[in-house]
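Residue-level structure breakdown
As a plain string of letters, each chain reads:
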Amino acid sequence: MRVLITGITGFVGSYLAEYFLENYPKNKIYGTLRWRSRLENIEHIKRKINLIECDLKDANSVSKMIEEVVPDYIFHLAAQSFVPTSWHAPTDTLTTNIVSQINIFEAVKKIDNHTKIQIAGSSEEYGLVLENELPIKETNPLRPLSPYGVSKVAQDLLGYQYFMSYKMSIVRTRAFNHTGPRRGEVFVESNFARQIVEIEKGYQEPIIKVGNLEAKRDYTDVRDIVRAYHLALEKGESGEIYNICSGKAYKINEVLELLLSHTKIKIKIQEDPDRFRPSDVPVLLGDNSKFKKKTKWTATINFEQTLKDILAYWRKIL
Ligand code: GDD
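All of these numbers come straight from a predicted model, not from anything done at the bench.

Lining the immediate environment of the ligand, one finds 23 residues, of which S81, S123, Y148, R277 and D280 sit closest. Within the backbone of V188, a nitrogen or oxygen atom sits 2.8 Å from an oxygen atom of the ligand. Between G211 and the ligand, the recorded distance is 2.8 Å, taken from a backbone N or O atom to a nitrogen atom. Within the complex, 97% of the 720 Å² of free accessible area of the ligand lies under protein. The residue makeup of the shell around the ligand, split by class, is 12 nonpolar, six polar and five charged. Looking at which domains feed residues into the shell around the ligand, each of domain 1 (2–179 + 220–247 + 290–295) and domain 2 (188–216 + 249–282 + 301–317) gives three or more.

Before going further, it helps to examine the sheet that holds strand 4 (residues 73–76). Spatial strand order, 3-2-1-4-5-6-11: seven strands in an open sheet with parallel pairing. Unpaired on one side and paired on the other, strand 3 (50–53) and strand 11 (241–244) mark the two borders of the sheet. Between one strand axis and the next, the sheet turns by 20° as a mean value, whatever way the strands run. As defined by bridge partners, strand 1 (residues 2–6) adjoins strand 4 across four bridges and the pair is classed as parallel. Bridged to T6 within strand 4 is H76. Its contacts with the sheet place helix 1 (residues 11–23) against strand 1, strand 2 (28–33) and strand 4, and it is angled at close to 165° to strand 1. Contacting strand 4, strand 5 (116–122), strand 6 (169–175) and strand 11, helix 5 (residues 147–166) runs over the sheet at an angle of about 155° to strand 6.

Our next topic: the pattern of salt bridges. Here the structure, examined in full by the defined rule, presents 24 salt bridges. A salt bridge links E43 to K46, with the shortest nitrogen-to-oxygen separation between them at 2.5 Å. Judged by relative accessible area, E43 falls into the partly exposed class, the value being 38%. Here D287 ties to K137 by a salt bridge, and the two come within 2.7 Å at their closest N and O atoms. Of this pair, D287 sits in the loop between strand 13 (268–271) and helix 9 (289–295) while K137 sits in the loop between strand 5 and helix 5, and the two are 150 residues apart along the sequence. Through salt bridges with shared partners, a single ionic network connects E124, R217, R277 and D280.

How each quantity is defined
- Residues numbered from 1 in each chain as written.
- Predicted model: local features only at pLDDT ≥ 70, side-chain atom pairs only at ≥ 80, totals over all residues.
- Heavy atoms only, no water.
- Near = heavy atom within 4 Å.
- Polar contact = N/O pair within 3.5 Å; in protein donor to acceptor, adjacent residues only side chain to side chain.
- Areas by Shrake-Rupley, 256 points an atom, 1.4 Å probe, with all protein chains shown as cover.
- Nonpolar A, V, L, I, M, F, W, Y, C, P; charged D, E, K, R; others polar.
- Domains from an automatic or database assignment.
- Pairing = 2+ DSSP bridges.
- Helix = DSSP H or I, 4+ residues; strand = E, 2+ residues; numbered from the N terminus.
- Axes fitted to C-alpha atoms, helices over the stretch in contact; angles between N-to-C directions.
- Contact = heavy atoms within 4.5 Å.
- Salt bridge = Lys/Arg side-chain N within 4 Å of Asp/Glu carboxyl O.
- Buried < 20%, exposed > 50% of the residue type's maximum accessible area, 1.4 Å probe, protein only.

In structure tokens form, the structure reads like this:
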């Protein structure tokens, strides 16, 4: 099998590559990167994968890359994925996320083969969810609250449209929050863990900066998520949408308390106005029954363990 991972140098992409190398060593793994991509997430596996320079926003570049790889599977993970950046750079977020995906679809359409494509949608597509709509099913109305959420709705609907128009094999996943060691430092759980470790090492005074602690998020370990993405292509139906989540939500305040329970230092909590958003999604709690029924997937790593692993990661590298 020829497996193409866009965003292979990123957080989820690097775990997906590791997963294939470990469990399916006969597969050929390809990944796209830009000339300025940072390689630290894949330094340990880069000799075992095939890296191709490609700018996904450039149709010509994507077309050449797809003709060269002729992939059986494409996991399309490359994206501008940080919600606050989408307010600072809405045009870039929408262009990067939507145009890149159109270029991939058009390039695959041209080679006219059997390629199956997973597109990484997000629970941010649901945006504002009413109390009586919880836990969120795939059929819930989409009320995105950020340019990022809108970009993911567009990707998702383009997946539907290319499936309907051209019968392309496209599976639409909507992952809820996922994390683990190597998670980018801007995301809340990784950011709080990093701040705690900086305080432990004396690099920061014992004050942790926080934003909105009232929001609730449904977390899954990234190592369970990449297994789910593979199952989505193996067993999922083309054109369909699948929520991927644990079915349990934590208040961000609880995430903070759990992290703080693993340090001996007394740390003060301080609100930082810059960390609040123009509109924040108040609660994301998913219903994963459709995906579980189709694939038999279950999450295996509990969230407390994941948080401990993230702390251990920062303690090791800082
Ligand atoms: N980043 C950040 N930093 N968020 C904070 C902070 C802080 O200091 N303090 C509180 N929060 C709150 C945010 O306001 C939000 O309600 C919640 O913590 C989670 O924020 P993020 O970790 O930035 O993730 P996200 O939920 O906005 O988006 C992530 O999950 C999506 C799936 O639901 C990203 O990974 C997206 O790419 C992904 O699609």
